[in-house]
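Below are the chains, spelled out letter by letter.
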Amino acid sequence: MRNRLNAALKTAMKEKDTEKLATLRLINAAIKDREIASRVDGEEVSLTDAEVLAILGKMVKQRQESAKAFEEGGRLELAEKERGEISVIEEFLPRQLSEEETKAAIASAIDATGAESIRDMGKVMGALKAKYTGQLDFGSVGLMVKEKLA
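Reading the values: rules and limits
- Starting afresh in each chain, residues are numbered from 1 along the sequence in its written order.
- Local features in this predicted model are restricted to residues whose pLDDT is 70 or higher, and side-chain atom pairs enter the listing and the counts only when it is 80 or higher, whereas totals over whole chains, interfaces and linings include all residues.
- Hydrogens and water molecules were not included; the side-chain quantities draw on all heavy atoms of the structure.
- Strands are runs of DSSP state E lasting at least two residues, helices are runs of H or I lasting at least four, and both sets are numbered from the N terminus onward.
- Any residue under 20% of the maximum accessible area for its type is buried, any over 50% is exposed, and the rest in between are partly exposed; the area is computed with a 1.4 Å probe on protein chains only.
- Any two residues whose heavy atoms approach within 4.5 Å are treated as being in contact.
- Reported accessibility uses the Shrake-Rupley method at a 1.4 Å probe radius. Residues are deemed covered only where the shown protein chains occlude them.
- In this scheme, a helix's expected span is set at 1.5 Å multiplied by one less than its residue total.
- As used here, the arc is the angular range of directions from the helix axis to the C-beta atoms.
- Helix axes are fitted to C-alpha atoms over the stretch in contact, other axes to C-alpha atoms as well, and angles between N-to-C directions run from 0 to 180 degrees.
- An angle counts as roughly parallel when it lies under 35 degrees, as roughly antiparallel when it exceeds 145, as roughly perpendicular when it falls between 65 and 115, and as oblique in every other case.
- Handedness of a crossing is defined here by the sense of rotation of the near helix relative to the far one, left-handed for an anticlockwise turn of less than a right angle and right-handed for a clockwise turn.
- A side-chain nitrogen of Lys or Arg and a carboxyl oxygen of Asp or Glu constitute a salt bridge if their distance falls within 4 Å.
- Buried residues of nine kinds, namely Ala, Val, Leu, Ile, Met, Phe, Trp, Tyr and Cys, make up a nonpolar core once their side-chain atoms join them within 4.5 Å.
- Only rings of Phe, Tyr and Trp enter the pairing, Trp through its six-membered ring, and a pair is recorded when the two centres are within 6.5 Å. The plane angle decides the type: under 30 degrees is stacked, over 60 is edge-to-face, the rest tilted.
- Put simply, a charge is over a ring when the Lys NZ or the Arg CZ is close to the ring centre, within 6 Å, and near the line of the ring normal, within 35 degrees.

Enquirer: When you look at the overall build of the protein chain in this model, what are you seeing that I'm missing?
Expert: Each helix and strand in the protein chain was counted, giving seven helices and zero strands. For the protein chain, the spread of C-alpha atoms along the principal axes amounts to about 55 × 45 × 25 Å. Looking at the protein chain as a whole, 34% of its 150 residues are labelled buried. In the protein chain, the share of contacts with a sequence separation of at least 24, taken over all contacts with a separation of at least 6, comes to 56%. As presented, the protein chain carries roughly 9,500 Å² of accessible surface, and 51% of it is formed by carbon and sulfur atoms.

Enquirer: Any chance you could explain helix 6 (residues 121-132) here in plain terms?
Expert: Compared with an ideal rise of 1.5 Å per residue, which puts 12 residues at 16 Å, helix 6 spans 16 Å between its outermost C-alpha atoms and is within 8% of the ideal. All buried positions along helix 6 are accounted for by Met121, Val124, Met125, Leu128 and Tyr132. Seen along its axis, helix 6 keeps its buried residues to an arc of 95°; they face one direction. Seen from the open side of helix 6, the exposed residues pointing more than 90 degrees away from its buried face are Gly122, Lys123 and Ala130. On its buried face, helix 6 sits against helix 5 (99-113) and helix 7 (138-149).

Enquirer: I tried to follow the packing of helix 5 against helix 7 on my own but got confused; where do I start?
Expert: Helix-helix packing is characterised by the crossing angle of the two axes and by the distance between the axes. Direction vectors running N to C along helix 5 and helix 7 enclose 55°, while the axes themselves pass 11 Å from each other. One way to sum up the angle between helix 5 and helix 7 is to call them oblique. Read as a crossing pair, helix 5 and helix 7 show a hand that is right-handed. Of the residues in helix 7, those touching helix 5 at Thr102, Lys103, Ile106 and Ile110 are Val141, Met144, Val145, Lys148 and Leu149.

Enquirer: Explanation requested: the pattern of salt bridges in the structure shown.
Expert: Between side chains of opposite charge, a pair can form when the charged atoms approach closely. Evaluation of the coordinates by the stated rule reveals 11 salt bridges. As a salt-bridge pair, lysine 20 and glutamate 91 come within 3.2 Å of each other at their nearest N and O atoms. Highlighted residues: lysine 20 in helix 2 (residues 18-37) and glutamate 91 in the loop between helix 4 (76-90) and helix 5, separated in sequence by 71 residues. The partly exposed category is assigned to glutamate 91, whose relative accessible area is 42%. Here lysine 81 makes a salt bridge to glutamate 85, at a shortest N to O gap of 3.2 Å. Remark: glutamate 85 and lysine 81 occur in helix 4; sequence separation between them is four residues, near one turn of the helix. By relative accessible area, which is 8% here, glutamate 85 ends up buried.

Enquirer: Explanation requested: the nonpolar core in the structure shown.
Expert: General note: in soluble globular proteins, nonpolar side chains tend to be found buried as a group. Grouped together as the largest cluster of nonpolar side chains are 21 residues, with contacts concentrated most on Leu5, Leu24, Ile27, Ile31, Val52, Leu56 and Phe92. Those elements that place two or more of their residues in this core are helix 1 (2-15), helix 2, helix 3 (49-72) and helix 4. Per-element accounting of this core gives the leading share, six residues, to helix 3. Excluding residues that lie within four positions of it along the chain, phenylalanine 92 makes contacts with Met1, Arg4, Leu5, Ala8, Leu24, Leu53 and Leu56. Grouped together as the second largest cluster of nonpolar side chains are 16 residues, Ala105, Val124, Tyr132 and Phe138 included.

Enquirer: How should I be thinking about the packing of aromatic side chains in this particular structure?
Expert: Two numbers describe a pair of aromatic rings. These are the distance of the centres and the angle of the planes. Following the criterion strictly, the structure yields zero aromatic pairs and no others. The positively charged end of lysine 129 is found above the aromatic ring belonging to phenylalanine 138, 5.5 Å away from the centroid.

Note that all results are geometric; they support no functional claim without further evidence.
Next comes the structure, spelled out in structure tokens:
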């Protein structure tokens, strides 16, 4: 994942794509911030691909919220900038699951964990996050899991 990001950064520099370059630099900064925060006794820590995907997913969600707020405030040019950043970030995320695939993944996770009630929701969400990080919007998935277990 890091190699893909660095290659894209170099390509954006060569092509003088300033918008993509700025977004890729934001991604690298977010990753480095997380690495610095997770250092133990001064030792370098390298993030796993799953952790990088989680960071990217969070960045997309933040930009979606910002774009919505800018639209509501009548700042369409800023909303478009946020959407441009979303499209760059999404290049590095795996494909989002469709609604049917999401329902199948939830059913599979419930079966795999043996969940029977709402008290088992944490187990189900943990199983989904382990397998589908970056492919699901866990805000909406949480509601779907809650409905299934209720």
